[in-house]
Amino acid sequence: TQAAGQVTYSDVAVVGSKVSGELFMSGLLALASAVVLMFLYIWFRFEPQFGFGAIAGLVHDVILVFGLIVIMRLEFSLNMVAAILTVIGYSMNDTVVVFDRLRENLRKYKTMPLREVIDLSINETLSRTVVTGITAVMVLAVLAIFGGAALFGFSIALMFGIIIGTYSSIYVGAPIILLWGVKRGVTDPEPVKVGMASRP
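Residues numbered from 1 in each chain as written. Predicted model: local features only at pLDDT ≥ 70, side-chain atom pairs only at ≥ 80, totals over all residues. Heavy atoms only, no water.

Visitor: Honestly, the packing of helix H5 (residues 149-171) against helix H6 (residues 173-180) in this entry has me stumped. Any pointers?
Guide: Two numbers describe a pair of packed helices, the interaxial angle and the distance between the axes. H6 packs onto H5 with a crossing angle of 15 degrees between their chain directions and a minimal axis gap of 3 Å. Overall, the two elements H5 and H6 adopt an arrangement that is roughly parallel. Each of Ser168, Ser169, Ile170 and Tyr171 in H5 lies in contact with H6, whose residues at this interface are Gly173, Ala174 and Pro175. Here the contact of H5 with H6 is built from residues that sort into four nonpolar, three polar and no charged. (Axes fitted to C-alpha atoms, helices over the stretch in contact; angles between N-to-C directions. Helix = DSSP H or I, 4+ residues; strand = E, 2+ residues; numbered from the N terminus. Parallel < 35°, antiparallel > 145°, perpendicular 65-115°, else oblique. Contact = heavy atoms within 4.5 Å. Nonpolar A, V, L, I, M, F, W, Y, C, P; charged D, E, K, R; others polar.)

Laid out in structure tokens, this is it:
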């Protein structure tokens, strides 16, 4: 030790092929579990077609985020799994906001065509959705620039996922509901005026 002088050991972490395979499978299992639980939540809170629309949006978001990881050759680590799970949660929250307003408008406008009700609901929640997404993207952009290499992949994946999640809640989930249709409430019957026919 005296001949070599002062020795500094850096922190080195090595993940073997077996551990990396287990990490990948655990990450996929966590993602699949999250999607299934989200579907059950939407199923019980709304109607099945709302659940299918939400799940289609989630699958759309996850596939595109995985595509970004492959294209940019980002490391698939626990941080990346956390980013994808965060994207799922954000996208589902955004979708629930739109679906909640859609359900309220379906009860309020019973005779309005479904297409117009969906457009109205999206327009009423659009400002909230866009402002929330822009705020989150701005914060993640700063984190990607100044957060260092350890947080760069996480920030990029999450930033891309939030943009795609905002898009999917409007252009993926809602059109599926339009194609599938929903059960509309029966309109109130018009009151019958008794004796009007016998009057002159």
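Back to the write-up after that little detour.
Visitor: How do you make sense of the nonpolar core when you look at a structure like this?
Guide: Grouped burial of nonpolar side chains is what soluble globular proteins tend to show. Formed by 46 residues in total, the largest nonpolar core has its most connected members in Phe50, Ile84 and Ile88. Here the element with the most residues in this core is helix H3 (residues 78-108); it accounts for 13 residues. (Core = buried A, V, L, I, M, F, W, Y, C linked by side-chain atoms within 4.5 Å. Buried < 20%, exposed > 50% of the residue type's maximum accessible area, 1.4 Å probe, protein only.)

Visitor: Just to check I follow, could you spell out H6 for this structure?
Guide: Because each turn of an α-helix spans 3.6 residues, side chains separated by three or four positions in sequence point in the same direction. What H6 keeps buried is the set Gly173, Ala174 and Ile177. Around the axis of H6, the buried residues are gathered within 100 degrees of arc, so they sit on the same side. The secondary structure elements touched by the buried residues of H6 are helix H2 (48-71), H3, helix H4 (114-146) and H5. In the segment just after H6, Gly181 is the residue with positive phi, at about 85 degrees. (Arc of directions from axis to C-beta.)

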